[in-house]
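Descriptive structure summary
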Amino acid sequence: MCINQQVGHTGLDARCKGFVDALTEKSIKAEVLAISDDPASSQTTIADYYAANPDTDIFMTLGPNGANPFYAFYKEAGLSAAKVKHGTFDLSPEIIAAIKDGTTMFGIDQQPFLQGYGAVMYLVLKVRYGISPAMPVTATGPGFVTKDNIAVVESLAGTYR
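Structure report, in brief. (Residues numbered from 1 in each chain as written. Predicted model: local features only at pLDDT ≥ 70, side-chain atom pairs only at ≥ 80, totals over all residues. Heavy atoms only, no water.)

**Some points on the nonpolar core**
Of all hydrophobic cores here, the largest spans 22 residues; its most connected members are Ile-3, Ile-46, Phe-59, Phe-70 and Phe-73. Elements represented by at least two residues in this core include exactly helix 2 (39-52), helix 3 (64-76), helix 4 (93-101) and helix 6 (150-156). Sort the elements by how many residues they give to this core and helix 3 lands first, with 5 residues. (Core = buried A, V, L, I, M, F, W, Y, C linked by side-chain atoms within 4.5 Å. Buried < 20%, exposed > 50% of the residue type's maximum accessible area, 1.4 Å probe, protein only. Helix = DSSP H or I, 4+ residues; strand = E, 2+ residues; numbered from the N terminus.)

**Looking at the environment of Tyr-122**
For Tyr-122, the location among the structural elements is in helix 5 (residues 112-129). Tyr-122 gets classed as partly exposed once you look at its relative accessible area, which sits at 26%. Taking the C-alpha atoms as reference points, Tyr-122 and Lys-147, 25 residues apart in sequence, are found 33 Å from one another. Those residues in contact with Tyr-122 that sit more than four places away from it in its chain are Ile-131, Pro-133 and Thr-138. (Contact = heavy atoms within 4.5 Å.)

**Describing the pattern of salt bridges**
The final tally for this structure, using the stated rule, is 4 salt bridges. Put simply, Glu-31 and Lys-29 hold a salt bridge, and the shortest N to O gap is 3.9 Å. For Glu-31, a relative accessible area of 31% puts it in the partly exposed group. (Salt bridge = Lys/Arg side-chain N within 4 Å of Asp/Glu carboxyl O.)

**Brief notes about the sheet that holds strand 4 (residues 85-89)**
Reading across from one edge, 2-1-3-4-5-6 is the order of the 6 strands in this open sheet, with mixed pairing throughout. Of all the strands in the sheet, the pair left with one neighbour each is strand 2 (32-34) and strand 6 (143-145). Neighbour to neighbour, the strand axes of the sheet diverge by 25° on average, direction disregarded. The sheet contacts of helix 1 (residues 10-25) involve strand 1 (2-4), strand 2, strand 3 (58-61) and strand 4, and relative to strand 1 the element is tilted by about 170°. (Pairing = 2+ DSSP bridges. Axes fitted to C-alpha atoms, helices over the stretch in contact; angles between N-to-C directions.)

**Some thoughts on the pairing of strand 5 (residues 106-109)**
Every second residue of strand 5 is oriented toward a common face, with Phe-106 and Ile-108 on one face and Gly-107 and Asp-109 on the other, all of them buried. By the bridge criterion, 3 bridges tie strand 4 to strand 5 in an arrangement that is parallel. If you follow Gly-87 over to strand 5, its bridge partner there is Phe-106. In terms of handedness, the path from strand 4 via helix 4 over to strand 5 forms a crossover that is right-handed. With 3 bridges connecting them, strand 5 and strand 6 associate as antiparallel partners. Pairing of Asp-109 across the sheet is with Gly-143, part of strand 6. (Right-handed = clockwise from strand over helix to strand, strands pointing away.)

As structure tokens, this is what we get:
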């Protein structure tokens, strides 16, 4: 299940499409669940979906607006990492805590510091030396944050990540 808080948002729809396509390729049924930006309403929507589809065992959220209602649902439903798998995009204090306690397997970090730093660096190289990037798009990620690297990411939160 890909939980999308803004169906129609091109970037978020693309995230869900990639998730659904990857699972479908592995013959795993996957779909998108539309929620809102209201946490209580979204928690209810997720809980209602799960009540109707109790075999759902993989959840992807697209950032804190989906992850936080998912965490509330997860706790209220008495779920565990042994019962359902969860991954998300972006980071927040709640997502970092969930990665640390095993609720969330990973957070896909957009690495905004690197996005901003890289853009300024390329502009300086172009203006000072006439050097242009070799590729039309310079990847700044994705940066996967897991239990293995959460300590480094957490120490840099608010500064470089």
